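Report on the structure
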Amino acid sequence: MARIEIIYFSGYGHTTNQANAVFEGAQAAGNAQLWQIPEDGVIDETVWTALDNADAVIFGSPTYMGGPAWQFKRFADESSNRWMEQAWKDKFAGGFTNSASAVGDKGETINYFRTLAGQQGMLWVPLAQMPANTLESGPEDRNWLGGSGGALALSPSDASAEQAPRAGDLASARDYGRRIALIAESKIST
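Quick look at the structure, then.

Conventions and cut-offs
- Here, residues in each chain are numbered from 1, in the same order as that chain's written sequence.
- This being a predicted model, a pLDDT of at least 70 is required before a residue's local features are given, and a value of 80 or more before pairs of side-chain atoms are given or counted; all residues contribute to the totals for chains, interfaces and linings.
- Calculation of side-chain values draws on the structure's entire complement of heavy atoms; hydrogens and water are dropped beforehand.
- Every helix listed is a DSSP run of H or I at least four residues long, and every strand listed is a run of E at least two residues long, numbered separately from the N terminus.
- To get the radius of gyration, use the C-alpha atoms; to get the globule rule, take the number of residues to the power 0.38 and multiply by 2.2 Å.
- With a 1.4 Å probe rolled over the protein chains alone, any residue whose accessible area is under 20% of its type maximum counts as buried; one over 50% counts as exposed, and the rest are partly exposed.
- Contacts between residues were defined by any pair of non-hydrogen atoms, one from each residue, lying within 4.5 Å.
- Axes, fitted as lines to C-alpha atoms, cover a helix only where it is in contact. Angles between the N-to-C directions of the axes lie from 0 to 180 degrees.
- Put simply, angles under 35 degrees are roughly parallel, angles over 145 are roughly antiparallel, angles from 65 to 115 are roughly perpendicular, and the rest are oblique.
- When residues are grouped by polarity, Ala, Val, Leu, Ile, Met, Phe, Trp, Tyr, Cys and Pro land in nonpolar, Asp, Glu, Lys and Arg in charged, and all others, Gly among them, in polar.
- Salt bridges are identified by distance alone: a Lys or Arg side-chain nitrogen within 4 Å of an Asp or Glu carboxyl oxygen.

Looking only at helices and strands, the protein features six helices and seven strands. In terms of C-alpha radius of gyration, the protein reaches 15 Å, essentially the compact-globule figure of 16 Å for 190 residues. Judged by the C-alpha coordinates and their principal axes, the protein covers about 50 × 40 × 25 Å. Counting the 190 residues in the protein, one finds 50% classified as buried. Looking at the protein alone, contacts between residues at least 24 apart form 78% of all its contacts between residues at least 6 apart.

In structure tokens form, the structure reads like this:
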């Protein structure tokens, strides 16, 4: 069974909800683990070992000021040791993010994740969900924000972690986690 490691930072709990949805999807089709980057941005050797042994790694962070949180950036910078060894080469990668506005520059965070994956020699898995872009569509529909690079979510700035992200964003994240697990599983099964 494919090993899927999900590593993320969450500032207010909204991204934790999204991470849990990605985990549920990945766990339904693989062996998934969820790792939260702590407030100081330092992860221990147990997490690094799990990431090194993964078939797929899924990155997550809220979008703050046009990019991922500094805690995630610290993790990314510290992954340069893995780059030197090409430890993550040919692993599958994906990413998810969330912000308070409909656009909120979430695409910049997804592009940051894609660049990190590319530098590590990883294979990026896009969302592959049609956008919910009809008159009848709304925030309860999958991929209402219309992303393609990874799973996007909207959490209004005055919403508690119990109120956001909305059901459609979480369903999209679940489907994405499952997609990555299935792709990773198909590689190790051949």
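Read on, since the account is not over.
Glancing now at the packing of helix α3 (residues 70-78) against helix α5 (residues 106-119). For any two helices packed against each other, the geometry comes down to the angle between their axes and how far apart the axes lie. For the pair α3 and α5, interaxial distance at closest approach is 11 Å and the crossing angle is 10 degrees. What the angle tells us is that α3 and α5 run roughly parallel. Residues F72, K73 and A76 of α3 form the contact with α5, whose own contacting residues are Y112, F113 and L116. When its residues are assigned to classes, the contact of α3 with α5 shows five nonpolar, no polar and one charged.

As a further point, take the pattern of salt bridges. A complete count under the given rule lists six salt bridges for this structure. Between E45 and R82 there is a salt bridge, with the nearest N and O atoms lying 3.5 Å from each other. One end of the pair, E45, is in helix α2 (residues 45-52); the other, R82, is in helix α4 (residues 80-85), and 37 residues separate them in sequence. The shortest N-O distance in the salt bridge between D52 and R82 comes to 3.0 Å. Of this pair, D52 sits in helix α2 while R82 sits in helix α4, placing them 30 residues apart in sequence. Relative accessible area serves as the criterion here: at 23%, D52 is assigned to the partly exposed category.

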